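Listed below are the residues making up each chain.
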Amino acid sequence: MRMRRRTIVTIMILSLLILSSLPAQVAIKGETVYTMSGAPITNGVVLIKGNKIERVGPASQVQIPNGYKILSGKVVTPGLVDAHSVVGLAGMLNQTHDQMQLEKSEPMQPELRAIDAYNAREALVEWLRNMGVTTLHTGHGPGALASGTTIVVKTVGGTINEALIDSGMVAFTLGESVSQNFRSPGTSAKSVAMIRTEFLKTQDYLKRKGNKDPEKRPAIDLKMEMLARVLSGQTKVLFTTQKETDIMSALRLAKEFGFKMVLDGAAEAYLVMEEIKKAGIPVILHPTMVRPGGDTRNVSMETAAALQKKGIPFAIQSGYEGYVPKTRLVLYEAAIAASNGLSFQEALASITIGAARIIGVDKRVGSLEPGKDGDVAVFDGDPFEYTSHVCGVIVNGQVVSEICR
Amino acid sequence: MHQRRLWTFLFLIIGTSLAFAQEVPQAFRGATVYPIDGEPIQDGTLIVQGGKVVALGKTGSVAVPSNAVIHDVKGKVLMPGLVDTHSHIGDGSGGDRSNALHPDVRILDAIDVRSKGFRKALAGGITTVNVMPGSGHLMSGQTAYLKIRPANTIYDMLFCSDPVNGICGGMKMANGTNSIGEKPFPGTRAKSAALVRQLFLKAQDYQAKVKAAAGNPDKMPKRELEMEALVQVLEGKRVVHHHTHRHDDIMTVLRLAKEFGFRVVLQHVSEAWKVAKEIAEAGVPASIILIDSPGGKLEATDIRNENGVELEKAGALVGFHTDDGITDSRLFLRMAALAVRAGMSRAKALEGMTIAGAKMLDLGNRVGSLAPGKDADFLVLSGDPFSVYTHVEQTWVEGNKMFDRGNPEDHEMAVGGYDVFRRSLYLDACEGGAE
């Protein structure tokens, strides 16, 4: 008898071990599933096997195989994509030791890498994840002519290696904040002159680097190498500008040096939509609720709707916060855009597939399609309603939150 | 010259419309009315006249005066104007950091009634506001309770009738790391409490001398502005509005209030969820703020949106505040909605936006609910107060329409745009920086 019981216990433990080592298998049922790759599905099912989406379709056509963990909710969406944040470099405490998003020793340091500063275990990363954000474009912040690089991460993992999914861009800024952080540049015109000078130096560096005589080639310069990547189009510029004059300067610089660019912030974009559209530049728009002060004093909650109408690709970001709250939530920011002229689906796109496209990771995330990453958010109502909750979050096929928040 | 003429003209118009509102009754018919101190009324009618609520009830059961102007508000939601217990609109200032305690400083001496902040507040449905002197002091000065009426000077906005000797607001205090700094500021929490206790002991002494003088001018102590204001606090006539975040700092406030017997409203109260029972047992009201993420400063790392529900469960009086520019006055309703998201009841959240705040400012008899005799301050909402898709369509103050989203200029005030918040050629009206 005793032997038999021990055998049963052993078998149970062994089978548990085998089950837990199998790839994650999750089925998410939603009264409405917004796939963002087609029309919403009523009574839909999303199957995830391992870390990828296996099937998506109406419950009538998609059978949930045995052994799948089942989550269900009123509304199911792709995991949210925050198109621009500094979380992970900037921490919750707002003390010197956890604010790594801006180096103030020099105004132009594009060579500073976000991978060398991202803290995957930062409490704010968990905060964003629990509120449905599964992909985060984060890194060096606004406030320097060139502050360093950005990265695209998943909001899971204990190290940068586990979190990283793409290399990101280089963060540039034109605006008041640069003059506040550095003795020079003190003006907008000086800022532009300094950026132009560095790009001219880079062009010269590249010329010297191409010299047939290795002796005459310059020593490797990290700053020049990064700007060279920008000039060659390997790395995009994430250009933070708010005022119309600075937006126009950014457009002019991109044209002069032929670099690829995404406009960031762009509080006064509504004044120069024709120019932005003609240049074919996408916009990662400021948080809808950003405070109207300083460079953002002319901000409007209706800009997202205006960009949509104009046909300019855009995403909505959580942005950078220097004080309280230390980060915003793209879910809430898109919600306010949805109540100010943007349709529900357009607002959802601005924090899912639209955002993924602009930050260059739409092959992996942003919509619910077979073969894409198993990143899903589950809600108990309209995701944008203040009183709805995020009730489930799945990243890379792993259920990371099942508490309604 | 032109501008001055324009202003005169504008004030004539406002004056005329005010007189108009005084005379003719107005009926708002067909809306869902939240009176706050009673059950919601489906298809209700609200009658206002002379700046006051005259009657309200089910449409048909309320007599509409034959000369009344009728407003069809079918499908809309009517609720009292919101009460913000802690804001920094009006471009005011307070204590000047020359020392840590400034009970003599009045913010009413420094408020710009033309600041765009007031129009932003109206766009968010705020009609009554406690404007506080800025942060960073143990005691940064006297606050001002304001009604956002058409105003040419500060006198047009005050609730009190005597701005010099009357009680026109509360007393702003703070503890925790907010008021810690280099000398003459305290360096620790215990020193903060000691400085406050020492000052209140001095005020008790002054109060005793005044009492002993028994009205005899020869025996009265020399007039001291600081002491006079603190005696009002000790007598319970002037309420202390206390910035406090951490659970231990909250307990310090309750201890000081008990020792000196002053009336206090806890403001911010980030860790209220840890000491909700103690707050309720002390009978002290709490005005909370909800933000989109914790942190940004050490004291707010443990803030929870569950503060509302925890205080409600404990039985404390709960209000809300914008702390504008920390949060935007135009989105004040959002805060109560987020409290509901975290478990607070709809009824208590609505009270928190209105009557609870009014009580915290000793204005519960004037504002905060729709009842005959109370001020005709109310909002016309496009839908449920807690829906993100709902807009404040109109804001009425004492029977005057002060905000109308249908009016292009007011619409801009609600959503923003080019030069909307520009105050003058010289100065931008950017609220913020305060806490």
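Residues numbered from 1 in each chain as written. Chains lettered and ligands numbered in written order. Predicted model: local features only at pLDDT ≥ 70, side-chain atom pairs only at ≥ 80, totals over all residues.

Asker: Lay out the sheet that holds strand E6 (residues 82-87) of chain B in plain terms, naming residues and giving numbers.
Answerer: Residue and element names in this part refer to chain B. If you trace the 3 strands from one edge of the open sheet to the other, you get E6-E7-E9, paired in mixed fashion. Strands at the two margins of the open sheet, each flanked by one partner only, are E6 and strand E9 (144-147). Ignoring which end each strand starts from, the neighbouring axes of this sheet average 20° apart. Both E6 and strand E7 (residues 126-131) contribute to a ladder of 4 bridges, which runs parallel. Bridge pairing in E7 places Val83 opposite Thr128. (Pairing = 2+ DSSP bridges. Helix = DSSP H or I, 4+ residues; strand = E, 2+ residues; numbered from the N terminus. Axes fitted to C-alpha atoms, helices over the stretch in contact; angles between N-to-C directions.)

Asker: Tell me about the nonpolar core, and please be specific about residues and values.
Answerer: Judged by nonpolar contacts, the single largest core of 243 residues is most densely connected at Val46 and Ala334 of chain A together with Leu78, Ile279 and Ala336 of chain B. Not counting chain neighbours up to four residues away, the residues in contact with Ala334 of chain A comprise Ile316, Ala347, Leu348, Ser350, Ile351 and Phe384 of chain A. (Core = buried A, V, L, I, M, F, W, Y, C linked by C-beta atoms within 7 Å. Buried ≥ 20, exposed ≤ 12 C-beta atoms within 10 Å, placed from the backbone. Contact = placed C-beta atoms within 7 Å.)

Asker: Before we move on, can you summarise the interface of chain A and chain B with the specific residues and values?
Answerer: Each side of the interface is counted separately: chain A has 34 residues, and chain B has 32 residues. Residue assignment for the side of chain A that touches chain B shows that the elements contributing at least two residues are helix H2 (123-130) and helix H10 (330-338) of chain A. Its residues placed into classes, the side of chain A that touches chain B shows 17 nonpolar, 10 polar and 7 charged. (Nonpolar A, V, L, I, M, F, W, Y, C, P; charged D, E, K, R; others polar.)

Asker: Kindly report on the domain arrangement of chain A, identifying the contributing residues and their values.
Answerer: Residue and element names in this part refer to chain A. Under the domain assignment, chain A is made up of domain 1 (22-77 + 374-405) and domain 2 (80-365). Measuring from the centre of the C-alpha atoms in domain 1 to the corresponding centre in domain 2 gives 30 Å. The interface is formed by 14 residues belonging to domain 1 together with 20 residues belonging to domain 2. Of all elements in the fold, only strand E15 (390-395) and strand E16 (398-401) reach the threshold of two or more residues within the side of domain 1 that touches domain 2. Take the side of domain 1 that touches domain 2: its biggest share by element is 3 residues, from E15. For the side of domain 1 that touches domain 2, the per-class residue count stands at 9 nonpolar, 3 polar and 2 charged. (Domains from an automatic or database assignment.)

Asker: Could you give me a rundown of helix H4 (residues 225-234) of chain B, with the residues and numbers involved?
Answerer: Residues and elements named next belong to chain B. By the burial criterion, the buried members of H4 are Met227, Ala229, Leu230, Val231, Gln232 and Val233. Residues of H4 that are buried in the fold lie against strand E8 (139-142), strand E10 (171-174), helix H3 (189-213) and strand E11 (240-244). Phi turns positive, to about 80°, at Gly236, one or two residues after H4.

Asker: Pulling in residues and values, what's your account of the domain arrangement of chain B?
Answerer: Residues and elements named next belong to chain B. Here the domain parsing of chain B yields domain 1 (2-79 + 379-404) and domain 2 (82-367). Each side of the interface is counted separately: domain 1 has 14 residues, and domain 2 has 19 residues. For the side of domain 1 that touches domain 2, the elements supplying multiple residues, two or more each, are helix H1 (2-23), strand E16 (392-397) and strand E17 (400-404). A total of 3 residues in the side of domain 1 that touches domain 2 trace back to one element, the largest contributor, which is E16.

Asker: Quick rundown of helix H6 (residues 222-232) of chain A? Include the residues and the values.
Answerer: Residues separated by three or four positions in an α-helix point in the same direction, a consequence of the helix having 3.6 residues per turn. Residue and element names in this part refer to chain A. Every buried residue belonging to H6 is among Met224, Met226, Leu227 and Val230, and all of these are buried. The arc that holds every buried residue of H6, seen down its axis, measures 160°, which confines them to one face. Those residues of H6 that are buried lie in contact with strand E9 (170-173), helix H5 (188-209) and strand E10 (237-241). In the segment just after H6, Gly233 is the residue with positive phi, at about 85°. (Arc of directions from axis to C-beta.)

Asker: Before we move on, could you go through the packing of helix H8 (residues 332-341) of chain B against helix H9 (residues 346-353) of chain B and cite the residues and values that matter?
Answerer: Angle between the axes and distance between the axes are the two parameters that describe a pair of packed helices. Residue and element names in this part refer to chain B. As a packed pair, H8 and H9 sit with axes 9 Å apart at the nearest point and diverge in direction by 150°. Taken together, the axes of H8 and H9 lie roughly antiparallel to each other. For the element pair H8 and H9, the recorded crossing hand is right-handed. Seen from H8, the contacting residues are Leu333, Ala336, Ala339 and Val340; seen from H9, they are Arg346, Ala349, Leu350, Gly352 and Met353. A breakdown of the residues in the contact of H8 with H9 according to their chemical character gives 7 nonpolar, 1 polar and 1 charged. (Parallel < 35°, antiparallel > 145°, perpendicular 65-115°, else oblique. Left-handed = near helix turned anticlockwise from the far one by under 90°.)

Asker: Just give me the short version of the packing of H5 of chain A against helix H7 (residues 244-257) of chain A, but keep the residues and values in it.
Answerer: Residues and elements named next belong to chain A. Put simply, H5 and H7 touch, their axes get as near as 11 Å, and they point 15° apart. On the basis of their axis angle, the class for H5 and H7 is roughly parallel. In the packing of H5 onto H7, the handedness of the crossing is right-handed. Facing Ser188, Val192, Ile195 and Phe199 of H5, the residues of H7 in contact are Thr245, Asp246, Ser249, Leu253 and Phe257.

Asker: Outline the confidence of the model for chain B, listing residues and values.
Answerer: Across chain B, the average pLDDT comes to 93, with 92% of residues at or above 70. Note on the complex model: pTM 0.94, ipTM 0.93. (pLDDT = per-residue confidence, 0-100.)

Asker: For the sheet that holds strand E14 (residues 318-320) of chain B, give the residues involved together with the corresponding values.
Answerer: Residue and element names in this part refer to chain B. Spatial ordering of the open sheet is given by E8-E10-E11-E12-E13-E14, a layout of 6 strands whose pairing is mixed. The open sheet terminates on both sides in strands that have one partner only, identified here as E8 and E14. Taking the axes of each pair of neighbouring strands and ignoring which way they run, one obtains an average angle of 25° across the sheet. Bridge count between E10 and E11: 4 bridges; the pairing is parallel. Bridge pairing links Met171 to Val240 in E11.

Asker: Which residues make up the pairing of E11 of chain B, and what values do they have?
Answerer: Residues and elements named next belong to chain B. Within E11, 5 of the 5 residues are buried, which leaves it mostly tucked inside the rest of the structure. As defined by bridge partners, E11 adjoins strand E12 (residues 264-268) across 5 bridges and the pair is classed as parallel. Residue pairing in the sheet places His241 in a bridge with Val265 of E12. Handedness of the crossover joining E11 and E12 through helix H5 (residues 247-260): right-handed. (Right-handed = clockwise from strand over helix to strand, strands pointing away.)

Asker: Just give me the short version of the environment of Ser293 of chain B, but keep the residues and values in it.
Answerer: Its location among the elements puts Ser293 of chain B in the loop between strand E13 (286-288) and helix H7 (307-314). Other than its neighbours up to four places away in sequence, Ser293 of chain B contacts Leu124, Trp127, Pro325, Lys326 and Thr327 of chain A.

Asker: I'd like to hear about unusual backbone geometry, residue by residue, with values.
Answerer: When glycine is set aside, most residues are seen to have a negative phi, and most peptide bonds are trans. Residues Ser184 of chain A and Pro185 of chain A are joined by a peptide bond in cis, for which omega reads 10°. Even without glycine at this site, Asp91 of chain B takes up a positive phi of about 55°. For Asp91 of chain B, the position within the fold is in the loop between E6 and helix H2 (116-123). A tally of 20 C-beta atoms within 10 Å means that Asp91 of chain B is categorised as buried.

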